Amino acid sequence: MLKTMASEKPLILDGGLGSLLFSRGTFVKGDPLWSARCLTSAESDGRRQLRQAHLDYLAAGAHIIRSNSYQMSIEHLRKCLPGLSQEEALEMMRDSVRIAREACRDYWQSIGGESSGKTEPKVAGSIGPYGACQADMSEYTGAYVDCMSEEDFIEWHRPRLTALLEAGVDYLAFETFPALLEANAILRLLQQEAPHMPAWISFSCKDEKHVCHGETLASAFEQIWTNKTDGLKAVGINCTPGRLIKPLLRSLDGVSNVPVVLYPNREECLGEEDELILVYPKPDDKENSKEDDLGKLAKEWLATHPNVFAIGGCCFYHPSDIHNLSRVFGN
């Protein structure tokens with residue numbers, strides 16, 4: 001089994017899957033399906049590239065890779081792929097897990113399995129927030145949250161959760177959630193469908209203290225952990241600039257008992273000509289300036305909040321970064 005105790009080394013996650021696939025030409029800029037485009041044909045080159053991306057992260061030292069299902073919902077898939085049935089949409093979600101599982105199996109066999117002395121890699125089913133499937137960047141604002149109820153979120157997420165559970169994930173990764181309301185809905189859904197399933201819930205944050213919708217990160221962590229399911233392993237921060245992680249962790253004073261999962265963005269995005277540009281203004285303060293060394297940052301984060309379940313990368317952190325991170329923790 002994978003180690004999960006806070007007193008042990010944190011588990012290593014993979015990095016940005018969509019940004020890696022884009023950098024390799026797997027799909028075009030502006031595609032509303034983002035990396036899910038890889039799964040639109042059973043024999044597509046996209047599926048082969050997706051499998052290779054998973055393998056590259058495993059070779060870099062990732063203990064857990066995430067399925068390519070973050071931006072998939074029945075409604076979004078059927079809107080982007082006219083003629084697709086509901087069952088075909090659900091099967092695409094299951095396929096995202098199968099491809100990740102195949103990559104884990106092939107990598108494990110290639111290194112000799114248990115004789116390698118390494119830990120057998122696992123698959124986390126990636127579930128993004130409602131906003132991620134609107135393809136309007138609202139996962140970074142939470143603008144939709146005030147127009148929906150917990151019950152709305154529960155019923156919207158239920159088919160996605162069920163499909164990933166049916167495909168046989170080892171973890172559930174609820175990622176880039178901008179608001180506490182939607183995260184609370186996820187806890188209720190987990191309690192109904194899979195209370196013992198290993199999982200984490202991770203927030204996108206807009207500054208040094210707040211999640212994107214405006215709640216303080218400390219209050220979000222406290223509520224989630226107080227009401228956690230038996231299987232919840234951690235609460236986290238992802239798809240957030242790396243320079244904000246340390247102050248965000250400092251803001252958790254009073255809830256330092258909560259295990260965290262951390263996988264930030266490199267502060268880059270795609271410009272008009274697909275060049276990499278800074279997403280966030282680079283601060284003038286040298287102490288808080290952009291820092292890309294994920295291994296160095298991880299050591300700082302552990303010194304600030306030692307109770308860390310897992311660390312990895314999100315957008316624009318790629319296999320070389322995960323390799324460096326893995327080396328820092330002696331994997």
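Calculation criteria
- Residue positions are counted from 1 within each chain, in the order its sequence is given.
- For this predicted model, a pLDDT threshold of at least 70 governs which residues receive local features, and a threshold of 80 or more governs which side-chain atom pairs are given and counted, while totals over whole chains, interfaces and linings are taken from all residues.
- Hydrogens and water molecules were not included; the side-chain quantities draw on all heavy atoms of the structure.
- Secondary structure elements are defined from DSSP: runs of H or I of at least 4 residues count as helices, runs of E of at least 2 residues count as strands, and each element is numbered from the N terminus.
- Between two residues, a contact is recorded if the distance between any of their heavy atoms is within 4.5 Å.
- Working definition: rings of Phe, Tyr and Trp (its six-membered ring) pair if their centres are within 6.5 Å, and the pair is stacked with planes under 30 degrees apart, edge-to-face with planes over 60 apart, and tilted otherwise.
- Partly exposed describes any residue whose relative accessible area lies between the buried limit of under 20% and the exposed limit of over 50%, with all areas from a 1.4 Å probe on protein chains only and scaled to the type maximum.
- Each axis is a line fitted through C-alpha atoms, and for a helix only the stretch in contact is used; angles between axes span 0 to 180 degrees, taken between their N-to-C directions.
- Orientation labels follow simple angle bins: below 35 degrees gives roughly parallel, above 145 gives roughly antiparallel, 65 to 115 gives roughly perpendicular, and whatever is left gives oblique.
- Crossings are classed by handedness, with left-handed meaning an anticlockwise turn of the near helix from the far one by less than a right angle and right-handed meaning a clockwise turn.
- Classification convention: Asp, Glu, Lys, Arg as charged; Ala, Val, Leu, Ile, Met, Phe, Trp, Tyr, Cys, Pro as nonpolar; all other residues, Gly among them, as polar.
- Two strands qualify as a pair provided that DSSP identifies no fewer than 2 bridges between them.

A. Up close: the environment of Tyr130. If you trace the backbone, Tyr130 turns up in the loop between strand 3 (122-127) and helix 5 (150-167). Once residues lying within four places of it in the same chain are set aside, the contact partners of Tyr130 are Tyr144, Met148, Phe153, Trp156, His157 and Glu182.

B. Summary view of the packing of aromatic side chains. Under the definition given, this model contains 12 aromatic pairs. Seen from their ring centres, Phe27 and Trp34 are 4.6 Å apart, and the 75° between their planes marks the pair as edge-to-face. With relative accessibility at 5%, the residue Phe27 sits in the buried group. Relative accessible area serves as the criterion here: at 26%, Trp34 is assigned to the partly exposed category. Ring plane angle 75° and centroid distance 6.0 Å describe the contact between Tyr144 and Phe153, whose orientation is recorded as edge-to-face.

C. Spotlight on the packing of helix 5 against helix 6 (residues 180-193). Here helix 5 crosses helix 6 at 55°, and the two axes come no closer than 9 Å. One way to sum up the angle between helix 5 and helix 6 is to call them oblique. Crossing hand, helix 5 versus helix 6: right-handed. Side by side, helix 5 and helix 6 meet where Glu150, Glu151, Phe153, Ile154, His157, Arg158 and Leu161 of the first sit next to Leu181, Glu182, Asn184, Ala185, Ile186, Arg188, Leu189, Leu190, Gln192 and Glu193 of the second. Looking at the contact of helix 5 with helix 6 residue by residue, the class counts come to eight nonpolar, three polar and six charged.

D. Structural view of the sheet that holds strand 3. Pairing is parallel across the open sheet formed by eight strands, whose spatial order is 1-10-7-6-5-4-3-2. Because the sheet does not close on itself, it has two edges, and the strands there are strand 1 (11-12) and strand 2 (64-66). The pairing of strand 3 with strand 4 (residues 171-177) spans four bridges and is parallel. Bridge pairing in strand 4 links Gly125 to Leu172. Lying on the sheet, helix 7 (residues 217-226) is in contact with strand 5 (199-203), strand 6 (232-241) and strand 7 (260-265); it crosses strand 6 at an angle near 155°. The strands touched by helix 9 (residues 294-304) within the sheet are strand 7 and strand 10 (308-311), with strand 10 carrying the most contacts at an inclination of about 170°.

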